[in-house]
Each structure stands twice: as C-alpha cells, then as structure tokens.
Amino acid sequence: MQMEALKSAWQRAVVRGWTLYMEECQQCGVKPEKKTVVNLHFHDLRHEAASRAFEKGLNLMEASVLTGQRDLRSLKRYTQLKAKDIAKKPG
C-alpha cells in the first residue's frame with residue numbers, strides 16, 4: 001500500500017511541475033518545450049542527485065551515501081558529469 005501512495009504522490013508532483021512550467025512559460029512569453037517533464041520517473045532523481053553531489057564537490061563516499069549506492073560502478077553509471085565542468089575544477 002505504501003508503494004501505491006508513493007506512486008500517487010509522484011504522479012501528482014509531475015503534474016504539478018508540468019502545470020507550474022506551463023504557467024511560467026506563459027508569463028515569460030516563451031513557447032513550452034513538449035519534452036519537458038515527459039517520461040520523468042521517481043528513479044530519475046537518483047541520477048540527478050548523483051550528478052549534483054559531484055558538482056557540489058562531494059567525494060565518492062559522500063555521494064554514495066547520499067544516493068544509496070553501495071557499488072561505485074553503479075554510482076558511476078548514475079552520474080551525468082560533463083568534461084567541461086570537470087576541467088573547470090581548481091587544481
């Protein structure tokens with residue numbers, strides 16, 4: 001039953017996000033991109049969290065705790081790091 005509640009809450013959040021996006025586009029006079037928030041799944045947040053953790057300077061162990069990854073190979077798969085961002089890092 002808890003899983004159904006989580007799925008329902010996630011679906012409401014996606015609809016709310018889409019609604020806010022559409023409202024903001026309208027206020028700014030920008031044409032919304034249809035692919036925004038399409039096929040967004042709860043699991044996608046793990047990818048986002050891993051990438052943002054490294055962008056904020058967390059090390060491997062800290063990022064693995066944050067995302068719940070026990071295997072560093074899995075953590076590597078979840079990150080979306082960009083070479084240009086890595087090149088900007090000091091020293």
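The sections below set out a description of the structure shown in this document. (Residues numbered from 1 in each chain as written. Predicted model: local features only at pLDDT ≥ 70, side-chain atom pairs only at ≥ 80, totals over all residues. Heavy atoms only, no water.)

1. Some details on the pattern of salt bridges
Phase 1 of the analysis: Using the criterion set out here, one finds 4 salt bridges in the structure.
Phase 2 of the analysis: Notably, a salt bridge pairs Lys7 with Glu4, separated by 4.0 Å at the nearest N-O pair. Taken as a pair, Lys7 and Glu4 lie in helix 1 (residues 2-28) at a separation of 3 residues, close to a single helical turn.
Phase 3 of the analysis: Between Arg73 and Asp71 there is a salt bridge, with the nearest N and O atoms lying 3.3 Å from each other.
Phase 4 of the analysis: Among the residues examined, Asp71 registers a relative accessible area of 30% and is labelled partly exposed.
Phase 5 of the analysis: Overlapping salt bridges bring together Glu48, Arg52 and Glu55 as one network. (Salt bridge = Lys/Arg side-chain N within 4 Å of Asp/Glu carboxyl O. Helix = DSSP H or I, 4+ residues; strand = E, 2+ residues; numbered from the N terminus. Buried < 20%, exposed > 50% of the residue type's maximum accessible area, 1.4 Å probe, protein only.)

Geometric values such as these leave the question of function open.
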